[in-house]
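# Descriptive structure summary
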Amino acid sequence: MGFEDQRFSVNLSILFTELPLLERPAAAAAAGFTAVELWWPWVDSPTPERTGLDALRKAIEDAGVRLTGLNFYAGQLPGPDRGALSLPGRESERFRANVDVAAEFAGSLGCGALNALYGNRVDGVDPAEQDALALENLVRAARAADRIGAVLLVEALNRPESPRYPLVSADAAVGVVDRVNEATGLGNAKFLMDLYHLSMNGEDLPSVIERYTPRTGHVQIADTPGRGAPGTGSLPLADLLGLLRKAGYDGLVGLEYKPGDRPSAESFDWLPR
């Protein structure tokens, strides 16, 4: 088992970015993909104009691909931010304003997973205060996801690239998942297992897979070092995906890697056709 036995989705916020947003779904379809995922595309607006939402929805529908994952508003991403929901003041307010907008958009396309990035630590603010705010906002997000039949994803990032982000281990992210599920009683909060980030943190990936596959709602991959396509680094991704399958994971695997100095369409030469 490995790449041949896996179904992939392509993240249009890191791949095909050489194209305008509305052209990316068709480019993914032309490359052979039927599923796509996105970070929140409007980094400056948690509540974009209806025309923008409608245009992206039409581009996805016209391309004949499914939107299978969407991030809630997360601030400047890519950029210095790593989420908004734990940031007191304006940013958490922007997150709350986005929750229903993102859920409605996702629901209109049958998207079954919404990812909520936690947010960086803030100087001068008690971490306990941020964690309480985060739980309040994650509960709000989980309830919105539940209304459209979706799961809420909580992701661990990596400390070298995100040193102010508090969830930099599988254990930390799953702990938040547990607190959200306990608070809502819905059970729809799940772990987003990003093998790139976990590898960068030095985690024992076979152990993470063994322990947390039943709690996992989505998996994403990139090679390390460099966050490139499989085969550009040293991470045994085919073997790890085989372990995931054996552990019972049968969902999509999101391709969230950088294509390098070539067009994105040329970065899938590792993928069996």
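Scroll up a little and you will see the structure.
So, here is what we can say about the structure in this document. (Residues numbered from 1 in each chain as written. Predicted model: local features only at pLDDT ≥ 70, side-chain atom pairs only at ≥ 80, totals over all residues. Heavy atoms only, no water.)

Turning our attention to the nonpolar core. One finds Phe 8, Leu 70, Phe 191, Met 193 and Phe 268 to be the most contacted residues of the largest nonpolar core, which totals 88 residues. For this core, the element with the most residues is helix α3 (residues 90-108), which contributes 7 residues. (Core = buried A, V, L, I, M, F, W, Y, C linked by side-chain atoms within 4.5 Å. Buried < 20%, exposed > 50% of the residue type's maximum accessible area, 1.4 Å probe, protein only. Helix = DSSP H or I, 4+ residues; strand = E, 2+ residues; numbered from the N terminus.)

Tracing the backbone through its elements, the reader meets Val 154 in strand β5 (residues 151-155). In the structure, Val 154 is positioned 36 residues away from Tyr 118 in sequence and 7.6 Å away in space, judged by C-alpha atoms. Beyond its immediate sequence surroundings of up to four residues, Val 154 is in contact with Asn 115, Leu 167, Ala 173, Val 176, Val 177, Lys 190, Phe 191 and Leu 192. (Contact = heavy atoms within 4.5 Å.)

Moving on, we come to the packing of aromatic side chains. Aromatic ring pairs are described here by two measures, namely the spacing of the ring centres and the angle between the planes. Within this structure, the stated rule accounts for 11 aromatic pairs. Aromatic side chains Phe 16 and Phe 268 sit 6.0 Å apart centroid to centroid with 35 degrees between the ring planes, which places their arrangement in the tilted category. Of this pair, Phe 16 sits in the loop between β1 (8-11) and α1 (24-30) while Phe 268 sits in the segment after β8 (253-255); the two residues are 252 residues apart in sequence, bridging distant segments of the chain. Comparing Phe 16 with Phe 268 shows no difference in burial state: the two are buried. (Phe/Tyr/Trp six-rings, centres within 6.5 Å; stacked < 30°, edge-to-face > 60°.)

Right, let's talk about the pattern of salt bridges for a bit. In the structure shown here, the tally under the stated rule is 11 salt bridges. With a shortest N-O distance of 3.1 Å, Glu 91 and Arg 94 are connected by a salt bridge. Residue Glu 91 and its partner Arg 94 are located together in helix α3, separated by 3 residues, close to a single helical turn. Of the charged contacts in the structure, one is a salt bridge between Arg 147 and Asp 100, with a shortest N-O distance of 2.8 Å. Here the residue Arg 147 occupies a position in helix α4 (residues 127-147), and Asp 100 occupies one in helix α3, the gap between them amounting to 47 residues. (Salt bridge = Lys/Arg side-chain N within 4 Å of Asp/Glu carboxyl O.)

Turning our attention to the packing of helix α5 (residues 170-184) against helix α7 (residues 205-212). One way to put it is that α5 packs onto α7 with a least axis distance of 11 Å and a crossing angle of 15 degrees. Classified by the angle between their axes, α5 and α7 sit roughly parallel to one another. The chirality of how α5 crosses α7 is right-handed. On α7, the residues touching Ala 170, Asp 171 and Val 174 of α5 are Val 208, Arg 211 and Tyr 212. Its residues assigned to classes, the contact of α5 with α7 shows 4 nonpolar, no polar and 2 charged. (Axes fitted to C-alpha atoms, helices over the stretch in contact; angles between N-to-C directions. Parallel < 35°, antiparallel > 145°, perpendicular 65-115°, else oblique. Left-handed = near helix turned anticlockwise from the far one by under 90°. Nonpolar A, V, L, I, M, F, W, Y, C, P; charged D, E, K, R; others polar.)

Quick look at the sheet that holds strand β3 (residues 66-71) now. Reading around the barrel, the 8 strands line up as β1-β2-β3-β4-β5-β6-β7-β8 and close back on themselves, with parallel pairing between neighbours. Recorded for the sheet is a direction-independent mean angle of 30 degrees between the axes of neighbouring strands. The pairing of strand β4 (residues 113-115) with β5 spans 3 bridges and is parallel. In the sheet register, Leu 114 faces β5, and the bridge partner there is Leu 152. Here α3 sits on the sheet and contacts β3 and β4; the angle it forms with β3, its principal contact strand, is near 165 degrees. (Pairing = 2+ DSSP bridges.)

Turning to the side chain of Asn 181, a few remarks are in order. By secondary structure assignment, the location of Asn 181 is in helix α5. Residue classification places Asn 181 among the buried positions, given a relative accessible area of 18%. Looking at Asn 181, its side chain comes within polar contact range of the main-chain nitrogen of Ala 189, at 2.9 Å. What Asn 181 contacts, discounting residues up to four positions off in sequence, is Leu 186, Gly 187, Asn 188 and Ala 189. (Polar contact = N/O pair within 3.5 Å; in protein donor to acceptor, adjacent residues only side chain to side chain.)

A few words on the environment of Ala 30. Along the chain, Ala 30 falls in helix α1. We classify Ala 30 as exposed; its relative accessible area is 70%.

Before going further, it helps to examine the packing of α4 against α5. As a packed pair, α4 and α5 sit with axes 9 Å apart at the nearest point and diverge in direction by 65 degrees. Taken as axis vectors, α4 and α5 run roughly perpendicular relative to one another. In the crossing of α4 with α5, the sense of the turn from one axis to the other is right-handed. Contact residues: α4 offers Leu 135, Leu 138, Val 139, Ala 142 and Arg 143, while α5 offers Val 176, Arg 179, Val 180, Ala 183 and Thr 184. Counted by class, the contact of α4 with α5 contains 7 nonpolar, 1 polar and 2 charged residues.

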